[in-house]
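Next come the chains, spelled out residue by residue.
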Amino acid sequence: MADLVRLHPDDDVAVALRDLAPGTPAGYEGGTVTPRVAVPRGHKVAVHEVAVGALVHRYGQVIGAATAALAPGDHVHLHNLGMPEPTSRVRPDTRRAVDPAGAAARTFAGIRRRDGRVGT
């Protein structure tokens, strides 16, 4: 059984499925990292190096910016993850760029209510 789950292939972090002890390798689909400190279940662990100020991804989406350099196995939490600068949130992240052209054609099986809201 895996010790971590990486929710998206482009994620910089994986989530601990159990409490992790420092120095004990922890596996996830696609790799293994060794936590440098104790990591509580449900917390994030860096799966590769992330530079100070770089955007950090989970679910394939930006969840913050590194306030300290992250190494594989680092516990990623409030002490080293913060809000990105406003300009970095609007700048495209070319590593994860998606063509939005097809998004306009998407629909869903729903109803439009008289007040303008929708439901399924």
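Above this text is the structure in question.
So, a few notes on the structure that sits alongside this text. (Residues numbered from 1 in each chain as written. Predicted model: local features only at pLDDT ≥ 70, side-chain atom pairs only at ≥ 80, totals over all residues. Heavy atoms only, no water.)

Side note on the nonpolar core
Link 1 in the chain: Listed in full, the 10 residues of the largest apolar core are L4, A14, A16, L20, A26, Y28, V33, V39, V45 and V47.
Link 2 in the chain: With near-sequence residues (within four places) excluded, L20 lies in contact with D3, L4, A26, P35, V37, A38, V39 and V45.
Link 3 in the chain: One finds V13, A46, V50 and A66 within the second-largest nonpolar core, a separate group that totals 8 residues. (Core = buried A, V, L, I, M, F, W, Y, C linked by side-chain atoms within 4.5 Å. Buried < 20%, exposed > 50% of the residue type's maximum accessible area, 1.4 Å probe, protein only. Contact = heavy atoms within 4.5 Å.)

Looking at the sheet that holds strand β9 (residues 81-82)
Link 1 in the chain: The 3 strands are arranged β6-β7-β9 in an open sheet whose pairing can be described as antiparallel. Single-partner strands in this sheet number two, and they are β6 (55-58) and β9.
Link 2 in the chain: As paired strands, β6 and strand β7 (residues 61-66) are joined by 4 bridges and run antiparallel to one another. Each bridged residue has a counterpart across the sheet, and for H57 the counterpart in β7 is V62. (Pairing = 2+ DSSP bridges. Helix = DSSP H or I, 4+ residues; strand = E, 2+ residues; numbered from the N terminus.)

Some details on the pairing of β6
Link 1 in the chain: The alternating pattern of β6 places L55 and H57 and V56 and R58 on opposite faces, both of which are buried.
Link 2 in the chain: A loop of 2 residues connects β6 with β7, the two strands running antiparallel in sequence, and Y59 in this loop sits at a positive phi of about 65°.

Digging into a nonpolar patch on the surface
Link 1 in the chain: A cluster of nonpolar side chains, namely M1, V5, L7, L17 and Y59, defines an oily patch on the protein surface of about 560 Å² accessible area.
Link 2 in the chain: You can see M1 is positioned in the segment before β1 (4-5). (Patch = residues over 30% accessible without salt bridge, like charges linked within 9 Å, V, L, I, M, F, W, Y side chains within 5 Å. Areas by Shrake-Rupley, 256 points an atom, 1.4 Å probe, with all protein chains shown as cover. Salt bridge = Lys/Arg side-chain N within 4 Å of Asp/Glu carboxyl O.)

Observations concerning the sheet that holds strand β8 (residues 75-76)
Link 1 in the chain: If you trace the 4 strands from one edge of the open sheet to the other, you get β1-β2-β5-β8, paired in antiparallel fashion. Every interior strand has two partners, whereas the edge strands, β1 and β8, have only one.
Link 2 in the chain: Summarising the sheet, strand β5 (residues 44-46) and β8 pair through 2 bridges and their orientation is antiparallel. Its bridge partner being in β8, K44 is matched across the sheet by V76.

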